[in-house]
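Residues per chain, in single letters:
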Amino acid sequence: MPGTMRYSPSFMVGGHLRYMFNADFGVFAEINVTNPVTVGEFTIQTFGSSNVPGQQNPLQRFQIRGEEQRQIINLGAHQVIGRKAMERTGKSTTILPYVDVGVNTTFVKFDENFISLGEFIQPVDLTIFFNQLGIPQDEARILTGVGLGAFGGAGGQIQLGNKFTIDIGYIASFEQIKLGEMNERNFQHIFVLKAIYLTF
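Reading the values: rules and limits
- Numbers given for residues are sequential positions, taken from 1 along each chain in its written order.
- The predicted origin of the model limits local features to residues at a pLDDT of at least 70 and limits the giving and counting of side-chain atom pairs to 80 or more, whereas totals for whole chains, interfaces and linings rest on all residues.
- Remark: hydrogens and water are excluded; side-chain values derive from all non-hydrogen atoms of the structure.
- Put simply, buried Ala, Val, Leu, Ile, Met, Phe, Trp, Tyr and Cys residues joined by side-chain atoms within 4.5 Å make one nonpolar core.
- Three labels apply to residues, based on accessible area from a 1.4 Å probe with only protein chains included: buried if under 20% of the type maximum, exposed if over 50%, partly exposed otherwise in between.
- By definition, any uninterrupted DSSP run of H or I lasting at least four residues is a helix, any uninterrupted run of E lasting at least two residues is a strand, and each is numbered from the N terminus.
- By definition, pLDDT measures how confident the predictor is in each residue, and it falls between 0 and 100.
- Like charges are joined within 9 Å and nonpolar side chains (Val, Leu, Ile, Met, Phe, Trp, Tyr) within 5 Å, but only among residues with over 30% relative accessible area and no salt bridge; these make up the patches.
- Under the convention used here, a 1.4 Å probe and the Shrake-Rupley method define accessible areas, while residue burial counts only the protein chains that appear.
- One side-chain nitrogen of Lys or Arg within 4 Å of one carboxyl oxygen of Asp or Glu is enough to make a salt bridge.
- By this definition, two strands are paired if DSSP reports at least two bridges between them.
- Distance and chemistry together define a polar contact, namely a pair of N or O atoms within 3.5 Å, with one atom able to donate a hydrogen and the other to accept it when in protein, and with adjacent residues in sequence counting only for side-chain atoms on both sides.
- By convention, a stacked pair of Phe, Tyr or Trp rings (six-membered ring in the case of Trp) has centres within 6.5 Å and planes under 30 degrees apart, an edge-to-face pair has planes over 60 apart, and any other such pair is tilted.
- Note on definitions: a residue-residue contact is assigned when non-hydrogen atoms from the two residues lie within 4.5 Å.

Grouped together as the largest cluster of nonpolar side chains are 8 residues: Phe28, Val80, Leu96, Tyr98, Phe151, Ile171, Ile190 and Val192. When contributions to this core are tallied by element, the ones reaching two or more residues are strand 6 (95-116) and strand 12 (182-197).

Structure, rendered in structure tokens:
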């Protein structure tokens, strides 16, 4: 079986609700969802006769793939920087830097786990257990978990008229991922694009 499996980059979508106490400072809540995929390789040694030297018991490599569902709730503070300095010098405040800090809760649910045994064989679902006759006997328990973490980020805020702002930035999120017996803490790197509609 694989010693390590690596997550592929994935897209995250969600909703953002923000309350601004003034033009530059506010608090927000977000709910984001994503489906990360992890992939790796495992080997199978085949036994049989071969006329090729060194190929009596060759090792073959195959792919293993897992998928999760994650829902992340962020609670944080939003601070725009440099507005007064720009106004004093008569420069435009259409684009200003900002920082975000806060805490998060991550809900994780196991989704799928497959192995591929070659292009001529259908992927094998590892969540279903078969007997020696190939008849399904049982299904794996669907693992879930909840973890706590924190995040911080920075970027640029673009003001589009009186009602719209666009936030483009980067967030480093230190998240706790709990799934069954697994309990890990690690940094997640997120590039964000947010469209904010101001109601007042």
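For the rest of this paragraph, the subject is the confidence of the model for the protein chain. On average, residues of the protein chain score 84 in pLDDT, and 84% of them reach the 70 mark or higher. No element of the protein chain has a lower mean pLDDT than strand 9 (residues 136-139), at 64, and none a higher one than strand 3 (residues 25-34), at 96.

All right, on to a nonpolar patch on the surface then. Taken together, Tyr19, Phe21, Phe25 and Val27 make up a surface patch of nonpolar side chains, about 370 Å² in accessible area. As for its position among the elements, Phe25 is in strand 3.

Moving on to the pattern of salt bridges. With the rule as written, the count across this model stands at 6 salt bridges. In this structure, Lys194 and Glu30 form a salt bridge, with 2.5 Å as the shortest nitrogen-oxygen distance. Within this pair, whereas Lys194 is found in strand 12, its partner Glu30 is found in strand 3, the two being separated by 164 residues in sequence. The exposure class assigned to Lys194 is buried, which follows from its relative accessible area of 10%. Looking at Glu30, the relative accessible area reads 5%, which means it is buried. With a shortest N-O distance of 2.9 Å, Glu68 and Arg70 are connected by a salt bridge. Judged on exposure class, the residue Glu68 and its partner Arg70 are both buried. By sharing partners, the salt bridges in this structure join Glu30, Asp100 and Lys194 into a single network.

Let us now look at the pairing of strand 4 (residues 37-45). Pairing of strand 1 (residues 6-7) with strand 4, which is carried by 2 bridges, proceeds in the antiparallel orientation. Looking at strand 4, one finds that Tyr7 is bridged to Thr38. Of the pairings in the sheet, the one linking strand 4 to strand 5 (residues 59-80) comprises 9 bridges and is antiparallel in character. Following the sheet pairing, Gln45 is matched in strand 5 by Leu59.

With that settled, the discussion passes to the side chain of Arg18. Relative to the elements of secondary structure, Arg18 occurs in strand 2 (residues 12-20). At 3.1 Å, the side chain of Arg18 and the side chain of His16 are in polar contact. One polar contact links Arg18 to His78, side chain to side chain, over a distance of 3.5 Å.

For the structure shown, the criterion picks out 6 aromatic pairs. Both rings, one in Phe28 and one in Phe151, keep their centres 6.2 Å apart while their planes meet at 45°; by these two values the pair is tilted. Taken together, the residues Phe28 in strand 3 and Phe151 in strand 10 (residues 144-160) connect sequence positions 123 residues apart. Owing to a relative accessible area of 8%, Phe151 belongs among the buried residues under this scheme. Where Phe164 meets Tyr197, the ring centres are 5.1 Å apart and the plane angle is 55°; that geometry is what we call tilted. Residue Phe164 is found in strand 11 (residues 164-179), and its partner Tyr197 is found in strand 12; the two are separated by 33 residues along the sequence.

Along the chain, Gly26 falls in strand 3. You can call Gly26 buried: its relative accessible area is 0%. Through-space distance from the C-alpha of Gly26 to that of Asp100 is 9.8 Å; in sequence the pair is 74 residues apart. Filtering out sequence-adjacent residues up to four positions away, Gly26 remains in contact with Tyr19, Met20, Phe21, Gly76, Ala77 and His78.

The next thing to look at is the environment of His189. Of note, His189 is situated in strand 12. The contact partners of His189, leaving out residues within four places of it in the chain, are Tyr170 and Ile171. Within polar-contact distance, the side chain of His189 engages the side chain of Tyr170 at 2.6 Å.

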